[in-house]
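# Structural features, examined
Listed below are the residues making up each chain.
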Amino acid sequence: MSSKNGREMVIFVIVRTCMPKCLWQNLLVVITLLLGLIGNSTLILGQPGSIDATFRTNLPLDGFIHKIRFDENGRIIISGWFSTVDGVVIKQLARLNQDGSVDMSFIPNLPGGPFTGASGLGANNAIFLGSNSLFRLVKLFSNGERDILFNARAGTVDSLAVVRVDSDGKILLGGIFYFGNRNTTIKRLLSSGEEDISFSNSTSGETWSIDIQKDGKLLIGGRYNFNGVYKGLFRLHPDGSIDEDFIVTGEPLARVKKVFVQEDGKILVFGCVQRGDALFDRLIRFEPNGQQDSTFKSALSDTSVIHQICVQPDGKVLLAGWLQFGDEPVRVVTRLNPDGSFDGNFNSSVAAGFFISSMAIQLDGRVVIAGGILSISGFESLLVRIETGLPATPVALPASNVSTTSFYANWSQAVGANEYFLDVSTDNFVTFLPGYHNSRVLSTNIKISGLSEDTQYHYRVKAIGLGGGSFYSNVISVRTPQKRSQQIFFPSVADKTVGDLPFTPNASSTSAFVTDCFCGSACFLYSISWESSSLIPK
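Residues numbered from 1 in each chain as written. Predicted model: local features only at pLDDT ≥ 70, side-chain atom pairs only at ≥ 80, totals over all residues. Heavy atoms only, no water.

### Side note on the overall build of the protein
- A tally of regular secondary structure across the protein gives 0 helices and 41 strands.
- Burial analysis of the protein (538 residues in total) assigns 50% to the buried set.
- Look at the contacts in the protein between residues 6 or more apart in sequence, and 49% of them connect residues 24 or more apart.
- Carbon together with sulfur atoms contributes 53% to the accessible area of the protein, which is approximately 24900 Å² in total. (Helix = DSSP H or I, 4+ residues; strand = E, 2+ residues; numbered from the N terminus. Buried < 20%, exposed > 50% of the residue type's maximum accessible area, 1.4 Å probe, protein only. Contact = heavy atoms within 4.5 Å. Areas by Shrake-Rupley, 256 points an atom, 1.4 Å probe, with all protein chains shown as cover.)

### Examining the confidence of the model for the protein
- Per-residue pLDDT for the protein has a mean of 79; in total, 76% of the residues score no lower than 70.
- A low-confidence stretch, residues 1–44 (pLDDT under 50), is modelled with 80 contacts involving residues beyond four sequence positions or located in other chains.
- Counting contacts from residues 485–538, a segment whose pLDDT is below 50, to residues more than four positions away or on other chains yields 114 contacts. (pLDDT = per-residue confidence, 0-100.)

### Comments concerning the environment of P313
- When you line up the elements, P313 lands in the loop between β21 (305–311) and β22 (317–323).
- Residue classification places P313 among the partly exposed residues on the basis of a relative accessible area of 25%.
- A C-alpha to C-alpha distance of 5.9 Å links P313 and S470, two positions 157 residues apart in sequence.
- Ignoring any residue separated from it by four or fewer positions in sequence, one finds P313 in contact with I361, L390, G469, S470 and F471.

### Some thoughts on the sheet that holds strand β11 (residues 137–140)
- Pairing in this open sheet of 3 strands is antiparallel, and the strands run β9-β10-β11 from one edge to the other. For this open sheet the edge positions go to β9 (119–121) and β11, each flanked by a neighbour on one side alone. Sheet twist, expressed as the mean angle between neighbouring strand axes with direction ignored, is 15°.
- In the sheet, β9 pairs with strand β10 (residues 127–130) via 3 bridges, with the strands oriented antiparallel. Bridging from a neighbouring strand, L121 pairs with I127 of β10. (Pairing = 2+ DSSP bridges. Axes fitted to C-alpha atoms, helices over the stretch in contact; angles between N-to-C directions.)

### Details of the side chain of Q312
- Among the secondary structure elements, Q312 is positioned in the loop between β21 and β22.
- Looking at Q312, the relative accessible area reads 2%, which means it is buried.
- Once residues within four sequence positions are removed from consideration, Q312 is found in contact with L318, R335, I361, T388 and L390.

### Focus: the packing of aromatic side chains
- According to the stated counting rule, one finds 8 aromatic pairs in the structure shown.
- Here F407 and Y457 contribute two aromatic rings whose centre-to-centre distance is 6.3 Å and whose plane-to-plane angle is 50°, an arrangement assigned as tilted. Of this pair, F407 sits in strand β29 (residues 407–411) while Y457 sits in strand β33 (residues 456–465); the two residues are 50 residues apart in sequence, bridging distant segments of the chain. This pair shows no difference in class: F407 is buried, exactly as Y457 is. (Phe/Tyr/Trp six-rings, centres within 6.5 Å; stacked < 30°, edge-to-face > 60°.)

### Here's the deal with the sheet that holds strand β17 (residues 229–236)
- On the basis of which strands lie adjacent, the open sheet formed by 3 strands has the order β15-β16-β17 and antiparallel pairing. Looking at strand neighbours, the two that pair on one side only are β15 (205–212) and β17, the edges of this open sheet. Adjacent strand axes in the sheet meet at a mean angle of 20° when their direction is disregarded.
- Bridge analysis of strand β16 (residues 218–226) against β17 gives 7 bridges, and the strand direction is antiparallel. Counted as the bridge partner of Y224 is K231 from β17.

### Describing the pattern of salt bridges
- Counted according to the given criterion, the structure contains 27 salt bridges.
- Of the charged contacts in the structure, one is a salt bridge between D196 and R188, with a shortest N-O distance of 2.8 Å.
- Its relative accessible area of 4% is what places D196 among the buried residues.
- Linked by salt bridges that have partners in common, D52, D364, R366, R385 and E387 make up one network. (Salt bridge = Lys/Arg side-chain N within 4 Å of Asp/Glu carboxyl O.)

### Some remarks on the environment of I148
- Here I148 is to be found in the loop between β11 and β12 (156–165).
- Taking the C-alpha atoms as reference points, I148 and V138, 10 residues apart in sequence, are found 8.6 Å from one another.

### Regarding the environment of L93
- Structurally, L93 can be placed in strand β8 (residues 93–96).
- Distance from L93 to F106, taken between C-alpha atoms, is 9.7 Å for residues 13 residues apart in sequence.
- When neighbours within four sequence positions are excluded, L93 is seen to be in contact with I77, I78, S79, F82, F106, P108, L110, L129 and L140.

### Describing the nonpolar core
- Within the largest apolar cluster, 23 residues are counted, with the highest numbers of intra-cluster contacts made by F407, L422, V424, I448 and Y459.
- Contributions of two or more residues to this core are made by β28 (396–400), β29, β30 (419–425), β33 and β35 (476–479).
- At 4 residues, the largest contribution of residues to this core is made by β33.
- With residues near it in sequence (within four places) discarded, V424 still touches F429, F432, L433, Y436, I448, Y457, H458 and Y459.
- In this structure, L59, V85, L96 and A360 belong to the second largest nonpolar core, which totals 18 residues. (Core = buried A, V, L, I, M, F, W, Y, C linked by side-chain atoms within 4.5 Å.)

### Focus on a nonpolar patch on the surface
- Residues V305, W322 and V330 make up a contiguous nonpolar surface patch of roughly 250 Å² in combined accessible area.
- Tracing the chain through its elements places V305 in strand β21. (Patch = residues over 30% accessible without salt bridge, like charges linked within 9 Å, V, L, I, M, F, W, Y side chains within 5 Å.)

### Regarding the pairing of β33
- Counting buried positions over the 10 residues of β33 gives 9, a clear majority of the element.
- One ladder, built from 7 bridges, connects β30 with β33; its direction is antiparallel. The residue of β33 that forms the bridge with Y420 is A463.
- As defined by bridge partners, β33 adjoins β35 across 4 bridges and the pair is classed as antiparallel. Each bridged residue has a counterpart across the sheet, and for Y459 the counterpart in β35 is I476.
- Across 2 bridges, β33 lies against strand β34 (residues 468–469) in antiparallel orientation. Bridged to I464 within β34 is G469.

In structure tokens form, the structure reads like this:
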């Protein structure tokens with residue numbers, strides 16, 4: 001027994017042994033945290049809105065960061081106008097470790113031309129980087145080497161604002177593209193860079209944001225002309241055709257700069273409404289069918305200017321810009337509750353910003369903001385990290401003790417978590433196994449039982465702390481084995497093995513028992529019938 005932050009912590013270790021060939025193969029470690037009162041955090045996190053002083057990256061103040069991304073390992077990809085990072089000569093593109101230090105294992109090999117525009121991440125931490133002023137879309141491997149076999153072909157590009165890689169590895173591009181006498185605002189490329197001719201869209205306008213629903217439909221934000229009527233938001237089918245069933249209600253949005261599809265399917269939009277010759281920034285949430293969500297009402301004043309937004313996994317909304325709530329002082333970074341009301345528990349010390357161009361939440365729950373010069377508590381920087389109070393995202397680990405009817409789901413302990421919500425599904429979380437949707441778990445594993453043999457299951461987990469919930473973890477897939485029946489032949493009852501399976505014969509009976517142990521899995525007990533010579537699971 002030990003103590004951490006004044007709280008008792010008890011660790012139980014349970015060891016289950018198998019037959020000799022797999023001795024010690026099933027080691028189940030259950031860590032139970034006794035917190036005194038359930039609901040207390042296992043670690044005191046920083047005050048929401050405070051600057052993370054452990055994160056500091058030295059970038060020249062005459063530069064500008066256009067975009068930040070996080071790769072699968074939580075490292076930070078920055079692109080923009082800069083020539084050095086922490087004194088190291090690195091131009092236009094760099095990768096930082098989670099503490100903000102330069103990752104020297106990443107050496108970007110970029111061809112000539114400015115690559116300071118849109119970027120996207122693909123499988124295996126591949127980076128796609130584009131330019132707004134000179135169209136090129138290049139693909140870099142995770143070490144920074146250029147993929148010379150990738151040949152992007154999207155016609156003549158006037159502007160490239162969005163690069164988004166979908167689950168199939170295809171690359172969605174948003175901006176303005178010209179193909180001879182026709183133009184469009186959205187293109188899709190195959191993983192090779194060739195144009196995907198199965199995707200067809202001829203919308204006139206300019207695309208600034210793309211997000212993907214669970215069903216593969218695309219939410220598109222920008223500025224568009226539909227037969228003389230300007231719209232800022234619409235939806236496409238996976239083949240690029242317009243979804244006519246998506247009908248946007250409420251005050252018309254002349255422009256949409258950001259579109260976010262929330263976990264519950266609702267759509268949060270940052271855009272502009274036009275009144276006369278004036279444009280006013282608005283934050284609006286829609287139902288999945290396009291109807292305006294009446295339960296969300298932004299507390300921002302009409303005078304607010306929004307630069308960036310991002311949505312926390314618990315539905316709270318982080319905003320950056322020049323933000324005002326009634327008679328309150330102007331804020332540069334702030335947060336709204338899931339219903340749009342002002343979150344008074346979030347107090348940021350970012351005092352001023354030339355322009356905040358990018359903002360994203362790390363897997364550890366903290367938010368990184370970037371752009372031009374940011375003034376923070378007496379120092380200036382192009383890149384800062386802010387506490388949100390969220391717990392870190394756990395890592396789902398491979399299942400253990402897999403049998404025909406059960407398995408153990410496992411995951412890592414997450415900083416700031418005091419419990420976890422688990423989901424188990426057979427169809428990638430469209431539906432859930434009864435009793436295993438947001439199932440509350442106080443440890444870092446649980447036995448999933450009542451399953452069917454020879455069936456594929458998927459599980460994911462998220463951490464819950466005092467400050468809210470984390471993102472969902474990675475997904476682990478596991479297939480329960482099929483009950484086995486096999487014919488065996490043996491010389492006599494005196495023989496102590498059936499193949500390589502040890503067994504104990506009973507001379508006075510017509511049967512014996514064999515235990516078959518699979519390392520990393522479960523033990524199966526078989527009954528041997530001397531007459532039929534069959535091996536059948538009990």
